[in-house]
Amino acid sequence: MDSYQVIVIGGGPAGLAAAIAAKKEAARVLLIEREGRLGGILKQCIHDGFGLIRFKEKLSGPEYVEHFIDEFENLGIEKLLLTFVTKITKMEDGYVVKFVNKRGLSEVFTKTIVLACGCRERTSKQVMIHGTRPAGIFSAGTAQYLTNILGQKITKKCVILGSGDVGLIMARRLTLEGAKVIGVYEIKDSPTGLTRNVQQCLEDYNIPLYLSRTVVRIFGEERLSGVEVAKVDKEMKVIPGTEIVIECDALILSVGLIPENELAEAINVEIDNNTKGPKVNAQGLTSMKGIYSCGNALHVNDLVDYVSESGEIAGKNAAGYNYADEENVPIHYSNNIAYLIPQRLDLKSDNSKTTIYFRSGKDEKQIELVLEIDGLRVWHKHYLKINPPEMERLSLDFNSFKLNKNSRIEFSLETHKNG
Ligand SMILES: Cc1cc2nc3c(=O)[nH]c(=O)nc-3n(C[C@H](O)[C@H](O)[C@H](O)COP(=O)(O)OP(=O)(O)OC[C@H]3O[C@@H](n4cnc5c(N)ncnc54)[C@H](O)[C@@H]3O)c2cc1C
């Protein structure tokens, strides 16, 4: 059986960055991707705005990922395309990875695995809309694929449910394709996508955004003929009497992304209820020895630059992993933080450049992120404003704090004293 130090599952920006970082550490690396081309979801993201942090320029998705594909190929990293990983089996000193492709079923051995499987979209079933099931209901990602990759015109007049980033981008894209986007309907009282996307994709194109509203019914036999939308109250319950019927031939759903972790769950990797991705330490190591996670499989990122960064962290550390024992200290955070990564520190690892990603639970102004160790305030950072759609990133030197295995590490958001 072929043997590797690192197998990366997923050839999107996270997996590419992980494979490149591992290869640069001189590890034998294999990347497995189920599609026929590398690049992940970025292949279909033809709008610009990618890479502002990493490359200091506005790139389209394919342009951004091309940088990584070129480096990947130049390094001569082994890859298997059109190959689907079906099972991971734990062995004493590593894992057997089973996959299927046109040659049939095969197995390889690896010391470590980097899970970079990305995320998937929530479907209409997961948001419970009543009515018939005609053609014309698309997730925003499917609409993006059909429009940008297959060049199909999927609608003349549509409604978009949910104000996630992919939905906002598709509102603009379908408008540019000549479709009438009647409006974006969001059940929450604030948009769930990035502010810059609300401005550039809706406001600049006069596409209305209706907050505290949802689609409650679908009409049509073979093809969608209309949807019923209604206002909702603070508990997101439909307010009777507010229903209106809108004629349209498509409903585009942008109702959330979920990290794809079936492989991780099957081998009992501990999943965080808040991120829906694995719990990791600062090196990207999950609760299972030798299994790393990064990118949108770890948590849904809003900037691809951070996806690549987390891939690099996981890949570099997977390359040097030696099954040593860990000395773990959990990282706690208080309720007003929606989630925070990493969820623990391994005191036997270098935590001098720990990258923290977090999201607030609600919109906050003049707020401080405070770090307490054993009840003592040791660090803080002031934010003018933060809101849940915008992920925050920072780097901290945990080696500079005196930590031991009984330390209590806790982050919280506190109102700034001048706020
Ligand atoms: C539909 C959609 C549209 C998006 N549009 C935008 C956008 O316009 N702008 C933006 O900034 N961000 C967008 N995003 C966010 C975007 O996903 C991230 O910025 C980034 O692409 C995530 O990178 P990744 O490598 O973690 O995942 P992905 O790019 O999703 O790559 C994961 C890869 O893993 C492969 N894979 C999964 N399971 C297996 C398996 N079992 N075996 C083999 N291969 C496997 C998949 O085929 C895929 O190629 C979008 C996300 C989605 C889901």
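## Focus: the overall build of the protein chain
Right, so step 1: When you go through the protein chain residue by residue, the secondary structure sums to eight helices and 28 strands.
Right, so step 2: The C-alpha radius of gyration computed for the protein chain amounts to 22 Å, which stays within 12% of the reference 22 Å derived for 419 residues, consistent with globular compactness.
Right, so step 3: Counting only C-alpha atoms and orienting by the principal axes, one finds that the protein chain spans roughly 65 × 60 × 40 Å.
Right, so step 4: Counting the 419 residues in the protein chain, one finds 53% classified as buried.
Right, so step 5: Residue pairs in contact within the protein chain that sit at least 24 positions apart in sequence constitute 63% of those at least 6 positions apart.
Right, so step 6: By element, 49% of the accessible surface of the protein chain is carried by carbon and sulfur atoms, the whole surface being about 19,500 Å².

## Considering the domain arrangement of the protein chain
Right, so step 1: Domains assigned within the protein chain are domain 1 (1-120 + 257-323), domain 2 (123-255) and domain 3 (325-419).
Right, so step 2: Computed from C-alpha coordinates alone, the two centres of domain 2 and domain 3 are separated by 36 Å.

## Things to note about the state of the cysteines
Right, so step 1: By the definition in use, this model includes zero disulfides.
Right, so step 2: Lacking any disulfide linkage, Cys45 is separated from the closest cysteine sulfur, that of Cys119, by 10 Å.
Right, so step 3: The structure places no disulfide on Cys117, whose sulfur is separated from the nearest cysteine sulfur, that of Cys294, by 9.1 Å.

## Considering the site of the ligand
Right, so step 1: Around the ligand, the surrounding shell holds 35 residues, and the nearest of these are Glu33, Arg34, Ile41, His47 and Asn296.
Right, so step 2: Val85 has a polar backbone atom sitting 3.2 Å from a nitrogen atom of the ligand.
Right, so step 3: In isolation the ligand has 970 Å² of accessible area, and contact with the protein removes 95% of it.
Right, so step 4: Of the residues contributing to the shell around the ligand, the split by class is 19 nonpolar, 11 polar and five charged.
Right, so step 5: Taken together, domain 1 (1-120 + 257-323) and domain 2 (123-255) each give at least three residues to the shell around the ligand, which thus spans both.

## Considering the nonpolar core
Right, so step 1: Of all hydrophobic cores here, the largest spans 55 residues; its most connected members are Val6, Val8, Ile88 and Val114.
Right, so step 2: Looking at this core element by element, the count peaks at seven residues for helix α1 (residues 13-24).
Right, so step 3: Among residues more than four places away in sequence, those in contact with Val6 are Ala22, Ala27, Arg28, Val29, Leu30, Thr110, Thr112, Val114, Ala318 and Ala319.
Right, so step 4: With 32 residues, the next largest nonpolar core counts Ile331, Tyr357, Trp379 and Leu403 among its residues.

## With respect to the pairing of strand β25 (residues 364-373)
Right, so step 1: A large share of β25 lies buried, amounting to seven of its 10 residues.
Right, so step 2: Here nine bridges tie β25 to strand β26 (residues 376-386), and the two strands are oriented antiparallel to one another. What sits directly across from Ile373, in β26, is Leu376.
Right, so step 3: Two successive antiparallel strands, β25 and β26, enclose a turn made up of two residues, where Asp374 displays a positive phi of approximately 50 degrees.
Right, so step 4: In the sheet, β25 pairs with strand β28 (residues 409-415) via seven bridges, with the strands oriented antiparallel. Counterpart to Ile373 in the pairing with β28 is Ile409.

Criteria and cut-off values
Residues numbered from 1 in each chain as written. Predicted model: local features only at pLDDT ≥ 70, side-chain atom pairs only at ≥ 80, totals over all residues. Heavy atoms only, no water. Helix = DSSP H or I, 4+ residues; strand = E, 2+ residues; numbered from the N terminus. Rg over C-alpha atoms; globule rule 2.2 N^0.38 Å. Buried < 20%, exposed > 50% of the residue type's maximum accessible area, 1.4 Å probe, protein only. Contact = heavy atoms within 4.5 Å. Areas by Shrake-Rupley, 256 points an atom, 1.4 Å probe, with all protein chains shown as cover. Domains from an automatic or database assignment. Disulfide = S-S within 2.5 Å. Near = heavy atom within 4 Å. Polar contact = N/O pair within 3.5 Å; in protein donor to acceptor, adjacent residues only side chain to side chain. Nonpolar A, V, L, I, M, F, W, Y, C, P; charged D, E, K, R; others polar. Core = buried A, V, L, I, M, F, W, Y, C linked by side-chain atoms within 4.5 Å. Pairing = 2+ DSSP bridges.

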